[in-house]
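# Residue-level structure breakdown
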Amino acid sequence: MESRAKSMGHAIHPILIVFPLGLLATSVIFDILYLITDRTGFQVSAAYTIAAGVIGGLVAAVFGLIDWSAIPAGTRAKRVGAVHGLGNVVVLVLFAVSWLLRRGADNWDPNAGALICSFAGIVLAGFTGWLGGELVERLGMSVTDGAGLNAPSSLSRRARARGA
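This text gives an overview of the structure that appears in the document. Sequence order as written defines the numbering, with residues in each chain counted from 1. Local features are withheld for residues below a pLDDT of 70 in this predicted model, meaning they are given only at 70 or higher, and side-chain atom pairs are given and counted only at 80 or more; totals for whole chains, interfaces and linings count all residues. Side-chain measures here rest on the full set of heavy atoms in the structure, leaving out hydrogens and waters.

### With respect to the overall build of the chain
Formally: Numbering of helices and strands runs from the N terminus, with a helix taken as a DSSP run of H or I at least four residues long and a strand as a DSSP run of E at least two residues long. Between buried and exposed lies partly exposed: a residue is buried under 20% and exposed over 50% of the maximum accessible area for its type, with that area taken using a 1.4 Å probe on protein chains only. Should any heavy atoms of two residues lie within 4.5 Å, those residues are considered in contact. Throughout, the Shrake-Rupley method with a 1.4 Å probe supplies accessible areas, and for residues the shown protein chains are the sole cover considered.
Counting secondary structure elements, the chain contains 6 helices and 2 strands. By residue count, 32% of the 164 residues in the chain fall in the buried class. Residue pairs at least 24 apart in sequence account for 71% of intrachain contacts in the chain once pairs closer than 6 positions are excluded. A total accessible area of about 9,500 Å² is found for the chain, and carbon and sulfur atoms account for 67% of it.

Below is the structure:
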């Protein structure tokens, strides 16, 4: 089933998710580095990457919702997509709470609650990311019917003639 929200022949949602996922994972790495080294700067970097990751996640979610709404009801893809989307809402909430808990501290210093939210959020993001992979790799979501090892470019006239 093809994506409803496309740009230049490709689904927008899978393009956008790499940014928030990378930013949120990087924030956890900064937190770990801060805990190991106690060097000022890592916790500030974590706070900024969390903010950018949450904003990027909200943008990606809009396009994911557009695609999910087009999936036929009663299908496994609809159920997996719902768990994927709702799980990612929880991920964004966990990171947003982590950011809010840091906001009032000196130098964005994370307390235990902020760290727990971030670490739980990245673990859940791993699971919801796997579900997203299941949607694309196993269930063929966002994959055009004309896909294949020798399919023409999504920008070619041949692809447009097929409706891709």
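### Concerning the layout of surface pockets
Defined as follows: The rule is simple: put a 1 Å grid over the protein atoms alone, call a set of points where a 1.4 Å probe fits but cannot get out a cavity, call an open set with protein on both sides within 12 Å along at least five of seven lines a pocket, and count a residue as lining if it has an atom within 4 Å of a point. Grid points are joined across faces, edges and corners, and a volume is the space filled by probe spheres set on the points. Under this grouping Gly is polar, as are all residues other than the nonpolar Ala, Val, Leu, Ile, Met, Phe, Trp, Tyr, Cys and Pro and the charged Asp, Glu, Lys and Arg.
Here the largest pocket is characterised by a volume of approximately 820 Å³. As for the largest pocket, its lining consists of 32 residues, and the residues nearest its centre are H13, I17, H84, G85 and N88. Counting only elements with at least two residues in the lining of the largest pocket, the list comes to α1 (12–16), α2 (18–37), α3 (42–69), α4 (76–103) and α5 (112–138). Of the residues in the lining of the largest pocket, the class split is 19 nonpolar, 12 polar and 1 charged.

### A word on α2
Put simply, the rule is: A helix's residues, less one, multiplied by 1.5 Å, set its expected span. The directions from the helix axis to the C-beta atoms form the arc being described.
If you check α2, its first and last C-alpha atoms are 28 Å apart, about what 20 residues at 1.5 Å a residue would give, namely 28 Å. Buried residues of α2: P20, L24, S27, V28, D31 and Y34, and no others. Relative to the axis of α2, the buried residues are bounded by an arc of 120° and lie together on one face. In α2, the exposed residues that point more than 90 degrees away from the buried face are F19 and I36. Residues of α2 that are buried sit in contact with α1, α3, α4 and α5.

### Thoughts on the packing of α4 against α5
The test is simple: The axes used here are C-alpha line fits, helices contributing only the stretch in contact, and every angle between their N-to-C directions lies in the interval 0 to 180 degrees. Each angle receives one of four descriptions, namely roughly parallel if under 35 degrees, roughly antiparallel if over 145, roughly perpendicular if within 65 to 115, and oblique otherwise. Take the far helix as the reference: if the near one is turned anticlockwise from it by less than a right angle, the crossing is left-handed, and if turned clockwise, right-handed.
Taken N-terminus to C-terminus, the directions of α4 and α5 make an angle of 160°; their axes are 8 Å apart at the nearest point. The angle between α4 and α5 falls in the class roughly antiparallel. Here α4 runs over α5; the crossing is left-handed. For the contact of α4 with α5, the per-class residue count stands at 19 nonpolar, 10 polar and 3 charged.

### Examining a nonpolar patch on the surface
As a reminder of what qualifies: What goes into a patch is any residue over 30% in relative accessible area without a salt bridge, connected to like charges within 9 Å or, for nonpolar side chains (Val, Leu, Ile, Met, Phe, Trp, Tyr), within 5 Å. Here, a salt bridge means any side-chain nitrogen of Lys or Arg that lies within 4 Å of a carboxyl oxygen of Asp or Glu.
A cluster of nonpolar residues, I17, V18, F19 and L21, forms a patch on the protein surface that exposes about 350 Å² of accessible area. For F19, the location among the structural elements is in helix α2.

Purely spatial values, then, with no claim about function.
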